[in-house]
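Here are the chains, one letter per residue:
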Amino acid sequence: MCPERKGKAVTGASGQSPNEQPIYLDFQATTPTDPHVVEAMLPYFTERFGNPHSRSHAIGGRAEEAVEQARARIAGVIGADPREIIFTSGATESNNLALKGVAHFYQDRKNHVVTCVTEHKCVLEAAGRLERDGFRVSYLGVRDDGLVDLDELADAITEDTVLVSIMAAHNEIGILQPIAEIGALCREHGVFFHTDAAQAVGKIPLDVAEMGIDLMSISGHKVYGPMGIGALYVRRRPRVRLAAQIDGGGQERGMRSGTLPTPLCIGLGQACALAAREMGSEAPRLRALRDRFLDRVRQRLPDVRTNGDMTRRLPGSLNLTFPGIDAEALMTALPGVAFSSGSACTSASLEPSYVLRALGVDEEAARASVRFGFGRTTTEEEVDRAVDQVVEGVERLRSGSRAWANASQIAG
Ligand SMILES: *Cc1c(COP(=O)(O)O)cnc(C)c1O
């Protein structure tokens, strides 16, 4: 656990003081950069500056050495070889590079990609672009627990299939897809397997060899590293080729040109090393906080419903439906708790979650659903305060709408 919680304001159980930060329960949207990570990055902005691609002098060489150490740390957390790690700007770019890069490289031989309707928007939009470029894409549905059906996946794979892309851990509902089984199936059919592991890296054990993963997307700011950096794991044996999406000086083995942002690379490396070290103790701690939150909410609001499988799940993630409540109204009513009704990217739109709809959740229930995420700085005391606020918020909204319903009945 992190000792840096002391920065947080301490208050009594009664709620928020005026200048206090909301209780942060939105760790799927982003995580704070761990202070140890910031500390490791800082020298590389100033006295340890240098272009890691400048091989002609020691200042560049020193930066290169640090970047290569970071690459090894990232590889270490997923059981990869450092040469298989390509730095990118984040999981969005990694997902785009994986889908478009593989599809375009092999397009003379194969032109079909399989993915899933509940993937992150950046995977779905990259797949949509491929369709517009003449590729064929199959979108698997999911069962009502949020998991893909392996028989359906096997049926979707054809001789033309080049790539299957299924995320490891879901940003919105927290479920864990059966990655090892999907990897084995893809291997059996001679198809590359890409997984968007932005939410999974550093949270659950991952091993690219054991799980048969050929490409994996990683995001810095989901693993207590900085924003603006990510990585794509690209298997070397058997080798996965991809067409670069950014051309230039040929950095990152020609797969992703551009000067590497040394401080950000160091930050992602440090974040992965920290996560690897703490995962064993942090996962059960988060699971306990998550279960405490759910148990306490359920005691007071017995009609609360969970979304997505409850056993195959990220330790720190919950998605709940409060029947009769509007999620937007609940968030507005609770400025003291930072949580979300879905993914950060789609919460600006007023559409109910496409993810929950794919699980068979009806539109009204989807609008009554919110996601809670627990993370490295979350304390038991915060969980208890958040429960109080959420329960009171739901009760307030319900009594308000009952009063309104009664009044309109009388008026009618
Ligand atoms: C956050 C997230 C992304 C996007 O990652 P960025 O690094 O912000 O581009 C992609 N997929 C999933 C599952 C995510 O949670």
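This one's a predicted model, so the numbers in the text were calculated from it and none came from an experiment. (Residues numbered from 1 in each chain as written. Predicted model: local features only at pLDDT ≥ 70, side-chain atom pairs only at ≥ 80, totals over all residues. Heavy atoms only, no water.)

Colleague: Go over the sheet that holds strand β3 (residues 112-116) with me, naming the residues and quoting the values.
Modeller: Ordered by their spatial adjacency, seven strands build an open sheet running β2-β8-β7-β6-β5-β3-β4, and the pairing between neighbours is mixed. Unpaired on one side and paired on the other, β2 (85-88) and β4 (136-140) mark the two borders of the sheet. This sheet shows a mean twist of 20° between the axes of neighbouring strands, independent of strand direction. Examined bridge by bridge, strand β7 (residues 215-219) and strand β8 (residues 230-234) share five bridges and lie antiparallel to one another. (Pairing = 2+ DSSP bridges. Helix = DSSP H or I, 4+ residues; strand = E, 2+ residues; numbered from the N terminus. Axes fitted to C-alpha atoms, helices over the stretch in contact; angles between N-to-C directions.)

Colleague: Tell me about the sheet that holds strand β9 (residues 305-306), and please be specific about residues and values.
Modeller: Pairing is antiparallel in the open sheet, where three strands are placed in the order β9-β10-β12. Each end of this open sheet is capped by a strand with a single partner; those strands are β9 and β12 (369-373). Alignment of strand β10 (residues 317-321) against β12, held across five bridges, turns out to be antiparallel. Considered in β12, the bridge of T321 is made with S369. Packing of helix α7 (residues 262-300) onto the sheet brings it into contact with β9, β10 and β12, and relative to β10 it is tilted by some 15°. (Contact = heavy atoms within 4.5 Å.)

Colleague: Can you tell me about the packing of aromatic side chains, naming the residues and giving the values?
Modeller: Per the stated rule, a full pass over the model turns up seven aromatic pairs. The interplanar angle of 50° and the centroid separation of 5.3 Å between the aromatic rings of Y106 and F192 together place this pair among those described as tilted. Note that Y106 is positioned in the loop between α3 (91-105) and β3 and F192 in strand β6 (residues 192-196), a separation of 86 residues in sequence. Residue classification places Y106 among the buried positions, given a relative accessible area of 10%. Their ring planes at 50° and their centres at 4.7 Å tell us that F293 and F372 sit as a pair that is tilted. On the criterion of sequence distance, the pair formed by F293 in helix α7 and F372 in strand β12 is long-range, its members being 79 residues apart. Comparing F293 with F372, the two get one shared label, buried. Aromatic ring contacts, followed pair by pair, group F293, F339, F372 and F374 into a single cluster. A cation over an aromatic ring shows up here: R376 above the ring of Y224, its NZ or CZ 4.0 Å from the ring centre. (Phe/Tyr/Trp six-rings, centres within 6.5 Å; stacked < 30°, edge-to-face > 60°. Buried < 20%, exposed > 50% of the residue type's maximum accessible area, 1.4 Å probe, protein only. Lys NZ or Arg CZ within 6 Å of the ring centre and 35° of its normal.)

Colleague: Go over the packing of helix α2 (residues 58-78) against α7 with me, naming the residues and quoting the values.
Modeller: Packing of α2 against α7 brings their axes to within 8 Å, and their N-to-C directions diverge by 35°. α7 is crossed by α2, and the crossing has left-handed handedness. Here α2 contributes A63, A66, V67, A70, R73, I74 and V77 to the contact with α7, which in turn contributes T262, C265, I266, L268, G269, Q270, C272, A273, A276 and M279. Residues of the contact of α2 with α7, tallied by class, amount to 13 nonpolar, three polar and one charged. (Left-handed = near helix turned anticlockwise from the far one by under 90°. Nonpolar A, V, L, I, M, F, W, Y, C, P; charged D, E, K, R; others polar.)

Colleague: Kindly report on the site of the ligand, identifying the contributing residues and their values.
Modeller: Within the structure, the ligand sits among 13 residues, and T92, D196, Q199, H221 and K222 are positioned closest to it. Contacts to the ligand include S219, whose side-chain N or O atom sits 2.7 Å from an oxygen atom. Split into classes, the residues belonging to the shell around the ligand amount to three nonpolar, eight polar and two charged. (Near = heavy atom within 4 Å. Polar contact = N/O pair within 3.5 Å; in protein donor to acceptor, adjacent residues only side chain to side chain.)

Colleague: Hey, could you go over a nonpolar patch on the surface for me, with residue numbers and the actual values?
Modeller: On the surface, a nonpolar cluster with roughly 270 Å² of combined accessible area is contributed by V38, L42 and F45. Of note, L42 is situated in the loop between α1 (35-41) and α2. (Patch = residues over 30% accessible without salt bridge, like charges linked within 9 Å, V, L, I, M, F, W, Y side chains within 5 Å. Areas by Shrake-Rupley, 256 points an atom, 1.4 Å probe, with all protein chains shown as cover. Salt bridge = Lys/Arg side-chain N within 4 Å of Asp/Glu carboxyl O.)

Colleague: Help me get a handle on the nonpolar core, residues and values and all.
Modeller: The biggest cluster of nonpolar side chains holds 63 residues, and the ones touching the most others in it are I78, F87, V164, L206, M216 and L268. Here the element with the most residues in this core is α7; it accounts for eight residues. The residue makeup of this core includes at least three contributed by each of domain 1 (23-33 + 279-411) and domain 2 (35-274). Filtering out sequence-adjacent residues up to four positions away, V164 remains in contact with V114, L153, I157, I182, C186, V191, F192, F193 and H194. Grouped together as the second largest cluster of nonpolar side chains are 28 residues, L320, F374, V383 and A386 included. (Core = buried A, V, L, I, M, F, W, Y, C linked by side-chain atoms within 4.5 Å. Domains from an automatic or database assignment.)

By themselves, these observations are geometric and do not establish any function.
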